[in-house]
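Structural overview for review
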Amino acid sequence: MIQVQAKDPNGVAKWIQLDRAGVDKGHISIVGLGGGEPEISYDLIDIRSASKTEFLCKADGPVWFDPPVSCRIVPGGTANTFLVQVNAGHLFKGSFAISAADCSALMHFMNTPPFPKA
């Protein structure tokens, strides 16, 4: 599992937690720094790498269907910052700023061993 500290667009600090379970499964959670109930918490299935900085998958959602999910890392608005963009359709959309060091750790996690290609 990897946990990186991030800030939402309002400047509120959060933890982004990613875990892998097998070749193409995992879990994502976004939690406040003090813990408590996560904003989102999804088991991820059929994870595929779209590039070194993006993966696509489906969330084993709380409803009867599994919505598509994308998670990508893009350059941020200032030097040495990056954004983690999580899109689960109408269930959740968020953009979180992370440091260059956390970006490097997250990219290493996403690519070792690599998810199957999209």
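Structure first, text after, so check above.
So, here is what we can say about the structure in this document.

1. Section: the pairing of strand β7 (residues 81–87)
- With 6 bridges connecting them, strand β6 (residues 68–75) and β7 associate as antiparallel partners. Bridging from a neighbouring strand, Val74 pairs with Leu83 of β7.
- Hairpin connection from β6 to β7: 5 residues lie between these consecutive antiparallel strands, with Asn80 at a positive phi of about 60°.
- As consecutive antiparallel partners, β7 and strand β8 (residues 93–99) are separated by 5 residues, and within that stretch Gly89 has a phi angle of approximately 65°, a positive value.

2. Comments concerning the packing of aromatic side chains
- Summed over all chains, the structure comprises 2 aromatic pairs.
- Centroid distance Phe55 to Phe115: 5.7 Å. Interplanar angle 50°. Geometry classified as tilted. Here the residue Phe55 occupies a position in strand β5 (residues 54–60), and Phe115 occupies one in the segment after α1 (100–111), the gap between them amounting to 60 residues.
- Measuring from centroid to centroid gives 6.4 Å for Phe92 and Phe96, while their planes differ by 5°, and the two rings are stacked. Assigned by exposure class, Phe92 and Phe96 land together as buried.
- For the cation-ring pair, Arg20 lies above Phe115, with the distance from its terminal atom to the ring centre recorded as 3.6 Å.

3. A few points about the pairing of β6
- Pairing between β5 and β6: 5 bridges, direction antiparallel. Counted as the bridge partner of Cys57 is Val69 from β6.

4. Considering α1
- With 12 residues, α1 extends 16 Å between its outermost C-alpha atoms, agreeing within 8% with the 16 Å of an ideal straight helix rising 1.5 Å per residue.
- Within α1 the residues assigned to the buried category are Cys103, Leu106, Phe109 and Met110. Buried residues of α1, viewed axially, fall in a sector of 125°; they line one side. For α1, exposure combined with an orientation more than 90 degrees from the buried face picks out Ala101 and His108.
- Each element contacted by the buried residues of α1 is listed here: β1 (2–7), β2 (13–20), β5, β6, β7 and β8.

5. Points about the environment of Ser95
- By secondary structure assignment, the location of Ser95 is in strand β8.
- Ser95 sits in the partly exposed class, given a relative accessible area of 24%.
- For the pair formed by Ser95 and Gln85, sequence separation is 10 residues and the distance between their alpha carbons is 4.4 Å.
- Discounting chain neighbours no more than four positions away, the residues touching Ser95 are Lys7, Asp8, Pro9, Leu83, Val84 and Gln85.

6. A look at the side chain of Lys14
- Examined against the element boundaries, Lys14 turns out to sit in strand β2.
- Using a relative accessible area of 11% as the deciding quantity, one classes Lys14 as buried.

7. Let's talk about the environment of Gly94
- By the element assignment, Gly94 lies in strand β8.
- The class for Gly94 is buried, based on a relative accessible area of 16%.

The rules behind each value
- Residues numbered from 1 in each chain as written.
- Predicted model: local features only at pLDDT ≥ 70, side-chain atom pairs only at ≥ 80, totals over all residues.
- Heavy atoms only, no water.
- Pairing = 2+ DSSP bridges.
- Helix = DSSP H or I, 4+ residues; strand = E, 2+ residues; numbered from the N terminus.
- Phe/Tyr/Trp six-rings, centres within 6.5 Å; stacked < 30°, edge-to-face > 60°.
- Buried < 20%, exposed > 50% of the residue type's maximum accessible area, 1.4 Å probe, protein only.
- Lys NZ or Arg CZ within 6 Å of the ring centre and 35° of its normal.
- Expected span 1.5 Å × (residues − 1).
- Arc of directions from axis to C-beta.
- Contact = heavy atoms within 4.5 Å.

This is a description of form; function is not addressed.
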